[in-house]
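As a plain string of letters, each chain reads:
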Amino acid sequence: MFRYVCSQCRKEHSLHPAIWRCSCGGLLDLDTAVQLSVERVKSRGPTLWRYREAISLDDDGNRVTFDEGFTPLVQARLGGREVFLKLEYLFPSGSFKDRGTTVLISKLKELGITSVVGDSSGNAGLSLAMYGARGGLECEIYVPSWASSRILERIEGMGACVIRVEGSRTEAERAAQKESLPGGPSSTKLYAGHNWHPFFLEGTKTFAYEVAEQLDWTCPDVIVFPVGNGSLLLGAYRGFKDLMRLGLVNRMPRLVGIQPQRCAPIVRAFQDNLDRIEVLPCGRETVAKGTRLPDPPRGKWVLEAVRDSGGTLLSVSEEEIVDSLRKVRRLGYLIEPTSAVATAGFEKYSPASPDETVVLPLTGWGG
Ligand SMILES: *Cc1c(COP(=O)(O)O)cnc(C)c1O
Ligand SMILES: [Zn+2]
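Cut-off values and rules
Residues numbered from 1 in each chain as written. Chains lettered and ligands numbered in written order. Predicted model: local features only at pLDDT ≥ 70, side-chain atom pairs only at ≥ 80, totals over all residues. Heavy atoms only, no water. Donors = N, O, S within 2.8 Å, 3.2 Å for Na, K, Ca; no water. Tetrahedral: all angles 85-135°; square planar, octahedral: opposite > 155°, others 65-115°. Buried < 20%, exposed > 50% of the residue type's maximum accessible area, 1.4 Å probe, protein only. Axes fitted to C-alpha atoms, helices over the stretch in contact; angles between N-to-C directions. Helix = DSSP H or I, 4+ residues; strand = E, 2+ residues; numbered from the N terminus. Parallel < 35°, antiparallel > 145°, perpendicular 65-115°, else oblique. Contact = heavy atoms within 4.5 Å. Core = buried A, V, L, I, M, F, W, Y, C linked by side-chain atoms within 4.5 Å. Pairing = 2+ DSSP bridges. Near = heavy atom within 4 Å. Polar contact = N/O pair within 3.5 Å; in protein donor to acceptor, adjacent residues only side chain to side chain. Areas by Shrake-Rupley, 256 points an atom, 1.4 Å probe, with all protein chains shown as cover. Nonpolar A, V, L, I, M, F, W, Y, C, P; charged D, E, K, R; others polar. Phe/Tyr/Trp six-rings, centres within 6.5 Å; stacked < 30°, edge-to-face > 60°. Lys NZ or Arg CZ within 6 Å of the ring centre and 35° of its normal.

## Remarks on the coordination of the zinc ion (ligand 2)
Line of reasoning, step 1. All of the protein donors around the zinc ion (ligand 2) are Cys6 (SG), Cys9 (SG), Cys22 (SG) and Cys24 (SG); their distances to the metal are 2.3 Å.
Line of reasoning, step 2. Here the zinc ion (ligand 2) is ringed by 4 donor atoms whose angles at the metal span 104 to 116°, and the overall shape comes out tetrahedral.
Line of reasoning, step 3. Going along the chain, you hit the donors of the zinc ion (ligand 2) in the pattern C-x2-C-x12-C-x1-C.
Line of reasoning, step 4. Classification of Cys6 as buried rests on a relative accessible area of 0%.
Line of reasoning, step 5. For Cys9, a relative accessible area of 39% translates into the label partly exposed.

Set out below in C-alpha cells:
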C-alpha cells in the first residue's frame, strides 16, 4: 500500500483520512516503488496514462482524464543551437499543470473527496477547475479580492466557485488551507494546492518517462525549466530516478532551473550555497507571473535535485524574457511569457559541449 512520509519529521501517514501536509507543517512525500514495462507502455495510446503502472492509483475507474499528455518533442534551432522543444502548452488547459492535476484529481476522487479547494488565479487554478468539472468534484478557488484576469473568468465559466478574500495572496492561501486543515471541518473536502499535494508530483513525473521514450529510452544531457516552485523540474527528477532504478536509462540529465531576476529566491540560495530558501520579497511585478513565488514550499527540494543532477540555477532579466518570447513566437510557438523564462535561460547557459542534447519544455500557452 502507498503511504506518505513527512519530509520534515519523518512521520508516516496513511492516505486515509485524506491530508495535504503533516501535522508538524512539513511537506508530505509519497513512498512508492514504481513498475514499468516497456512492452505494455508501447501497447497503449499516446497519453501520459500509458505509464499506468508507475502512477499510484488503485482503480482505473477513478481516472479523471481528457487523454492528455505524450506532448510532442520537436526539433528546433534556438540561439544558434539545436534543441528539442517539448510542447507542454498543448495540454487541455494550456499548461503542464494538467500533468499533475489529472493524477491528483483522480487520486482524490479515489480517496472519496468530493470537493477541492485551491488558491491560484493562474494556470493551476484553471487546471483544477477543469479537472474538477470533468470529474464531478466541486471546486472552490480562493483569490485576493483585487485579482482579476481572463483566467479567473474561465475558472468561473467551468463552474468553480471563486471566493475573494481581502488582503494579500498569502491571506487567500491561508483562507483556502484553513478549509481543510488535518482533522478540519470536513472529511470530503480537501485543499488541493499543487505546491503542496504529493500527488501533483506523482503526475509531473511522467514528463521524464515521455522524454526518455521519445528519445528511444535514452537520456538527454540537459533539461532547462522555468522554476517557481519547481513542480515540473522535481517531477522530472523523480521520473528519471525511477527510470534509472528500473534500468531503462543509465544516468540523470543535468537539471537547469531558471527564475526571473525579479523573483529568484531559489537562485539566490543556490548562489549563496545555502541549503534552505530565504523568503525574498518579490515587490516588483514580472511578466513571468507563473514563476512569481517569494516563498516556494518545495524550494529546498529544488536545490537538492539540481545539485544532485550536476545542474545549475540561473536568473534572467525582464528584457531577456521579453526578447526570448519574441524570438520563440517568431518560430511559430504560441507560448506565454512565463515559458520564455526557460528559453531565455537556455540562451544564457553555456553548454559543456556544443553537441549535447538539450530539452526545453514550453510550459504554457498564449499571452
Ligand atoms: C506554473 C507554471 C510554471 C512554474 O512552475 P513551478 O511548478 O511553479 O515551477 C512555469 N510555466 C508555466 C506556464 C506555469 O503555469
Ligand atoms: Zn511532520
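Don't stop here, the text continues.
## Brief notes about the packing of helix 11 (residues 318–330) against helix 12 (residues 340–348)
Each pair of packed helices can be described by the angle between their axes along with the distance between the axes.
Line of reasoning, step 1. Two elements in contact, helix 11 and helix 12, have axes whose closest approach is 8 Å; the angle formed by their N-to-C orientations is 100°. On the basis of the axis angle, helix 11 is roughly perpendicular to helix 12. Together, Glu320, Ile321, Ser324, Leu325, Lys327 and Val328 of helix 11 and Ala340, Val341, Thr343, Ala344, Glu347 and Lys348 of helix 12 make up the contact between the two elements.

## Here we look at the nonpolar core
Line of reasoning, step 1. Val116, Ile155, Phe225, Phe240 and Leu243 are the most contacted members of the largest nonpolar core, which has 94 residues in total.
Line of reasoning, step 2. Among the elements that make up this core, the one with the highest residue count is helix 8 (residues 231–245) (7 residues).
Line of reasoning, step 3. In contact with Leu243, not counting residues within four places along its chain, are Leu36, Ala208, Tyr209, Ala212, Trp217, Leu248 and Val249.
Line of reasoning, step 4. Counting residues in each nonpolar core, the second largest holds 26 residues, with Leu85, Ala340, Val341 and Ala344 among its members.

## Structural notes on the sheet that holds strand 3 (residues 28–31)
Line of reasoning, step 1. Strands sit in the order 2-1-3 across an open sheet of 3 strands; the sheet is antiparallel. Each end of this open sheet is capped by a strand with a single partner; those strands are strand 2 (12–13) and strand 3.
Line of reasoning, step 2. Across 4 bridges, strand 1 (residues 3–6) lies against strand 3 in antiparallel orientation. When the bridges of strand 3 are listed, Arg3 appears paired with Asp31.

## Observations concerning the site of ligand 1
Line of reasoning, step 1. Taken together, 15 residues are adjacent to ligand 1, and Lys97, Asn123, Asn229, Gly230 and Ser231 come closest.
Line of reasoning, step 2. Take Thr363: an N or O atom from its side chain is 2.8 Å from a nitrogen atom of ligand 1.
Line of reasoning, step 3. Expressed as a share of its isolated accessible area of 380 Å², the protein-covered part of ligand 1 is 97%.
Line of reasoning, step 4. Classifying every residue of the shell around ligand 1 by side-chain character gives 4 nonpolar, 9 polar and 2 charged.

## A look at the sheet that holds strand 10 (residues 222–226)
Line of reasoning, step 1. Strand order in this open sheet of 6 strands is 4-5-13-10-11-12, and the pairing throughout is mixed. Since the sheet does not close on itself, it has two edges, and those belong to strand 4 (73–78) and strand 12 (312–316), each with one partner. Strand-to-strand twist across the sheet, computed as the mean angle between neighbouring axes with direction ignored, equals 30°.
Line of reasoning, step 2. Alignment of strand 10 against strand 11 (residues 254–260), held across 5 bridges, turns out to be parallel. By the bridge assignment, Phe225 is partnered in strand 11 with Gly257.
Line of reasoning, step 3. Against the sheet, helix 11 contacts strand 4, strand 11 and strand 12, and its axis sits at roughly 90° relative to strand 12.

## What to know about the packing of aromatic side chains
Line of reasoning, step 1. Tallied over the entire structure, the rule returns 6 aromatic pairs.
Line of reasoning, step 2. With a centroid separation of 4.6 Å and 65° between ring planes, the pair formed by Trp20 and Tyr191 is classed as edge-to-face. A residue pair is termed long-range when its members are at least 10 positions apart, and Trp20 in the loop between strand 2 and strand 3 and Tyr191 in strand 9 (residues 189–191) qualify at 171 residues. Each of the two residues, Trp20 as well as Tyr191, counts as buried.
Line of reasoning, step 3. Cluster of aromatic residues (ring-pair linked, three or more members): Trp20, Tyr191 and Trp196.
Line of reasoning, step 4. Cation over ring: Arg50 sits above Phe70, and NZ or CZ is 4.6 Å from the ring centre.

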